[in-house]
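Below, each chain spelled out in residue letters.
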Amino acid sequence: MKQIAVASILLIVSSAANAQDCPAAPDHTDGISGVLAQIQQADTEQAARALSSQLWEFWADAPDQSAQTVLDRGMSRLRASDLSGAIEDFNKLIAYCPSYAEGYNQRAFANYLRHDFKAALPDLDKAIELSPNHVAAISGRALTLLGLRRIEEAREALNEALELNPWLSERHLLATGGPLEPPGQDI
């Protein structure tokens, strides 16, 4: 028992030391704001979708090569449906770079795919705290709240995401008959 406690303390100290080695995440605030402004002015969903891919280039730009390698590996594992492996990588990324929003967002996504909405929600909140205009994290938060059947909060989160990107595919959830249809909207 004592050995386990010592090992846990060493892991915590090691993680804290590693976090000090991680540089600050690149500041893409202006680029993200510019792309969001273009999306809001887009005439079609297709045009908005093309612009949205630029946002992912900003969000997935890790603080250094070590972090980028772990992020890329975790995202590859996600695509391969290796959710446990992906979460393991995102745990490493968060331990190394605790102020990098995408580590939390990706871990939340992996947990969402596992239908572990309770685990996903705090990571989404942290991602949004670190990157307030992270529309994917905000819309992910809406979907997670929907999974938790917290309908009013989900509706609010989705409306917040739609203010940033009115072309999100999730907008249909607010339509008549949708699971987040506003009260009093039915026919």
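Residue positions within a chain follow its written sequence, with the count starting from 1. Note on the predicted model: pLDDT of at least 70 is required for a residue's local features to be given, and 80 or more for side-chain atom pairs to be given and counted; whole-chain, interface and lining totals, by contrast, use all residues. With hydrogens and water stripped out, all remaining heavy atoms of the structure feed into the side-chain values.

## A short note on the side chain of R107
Then, in step 1: What counts as a helix is a DSSP run of H or I of at least four residues, what counts as a strand is a run of E of at least two, and both are numbered from the N terminus. Assignment of secondary structure puts R107 in helix α6 (residues 101-113).
Then, in step 2: We call two residues contacting when some pair of their heavy atoms lies within 4.5 Å. Residues contacting R107, with those up to four places away along its chain left out, are I87, F90, N91, I94 and D123.

## Here we look at the packing of aromatic side chains
Then, in step 1: Two rings from Phe, Tyr or Trp (for Trp, the six-membered ring) form a pair when their centres sit within 6.5 Å of each other. Planes less than 30 degrees apart are called stacked, planes more than 60 degrees apart edge-to-face, and all others tilted. Evaluated as defined, the whole model comprises two aromatic pairs.
Then, in step 2: Ring centres 4.9 Å apart and planes at 85 degrees place the aromatic pair W56 and W59 in the edge-to-face group. In this pair, W56 and W59 are both assigned in helix α3 (residues 45-59), three residues apart and thus about one turn of the helix distant.
Then, in step 3: Each residue is placed in one exposure class: buried if its accessible area under a 1.4 Å probe, protein chains only, is under 20% of its type's maximum, exposed if it is over 50%, and partly exposed if it falls in between. Classification of W56 as partly exposed rests on a relative accessible area of 35%.
Then, in step 4: The class of W59 is buried, set by a relative accessible area of 6%.
Then, in step 5: On the numbers, 5.4 Å between centres and 55 degrees between planes, the contact of Y112 with F117 is tilted.

## Some points on the pattern of salt bridges
Then, in step 1: One speaks of a salt bridge when a side-chain nitrogen belonging to Lys or Arg is within 4 Å of a carboxyl oxygen belonging to Asp or Glu. Enumeration according to the criterion identifies 12 salt bridges in this entry.
Then, in step 2: Residues R73 and D89 are paired through a salt bridge, measuring 2.8 Å at the closest nitrogen-oxygen approach. Of this pair, R73 sits in helix α4 (residues 65-79) while D89 sits in helix α5 (residues 83-96), and the two are 16 residues apart along the sequence.
Then, in step 3: One salt bridge in this structure joins R107 and D123, with 2.6 Å as the shortest N-O distance. A residue pair is termed long-range when its members are at least 10 positions apart, and R107 in helix α6 and D123 in helix α7 (residues 117-130) qualify at 16 residues.

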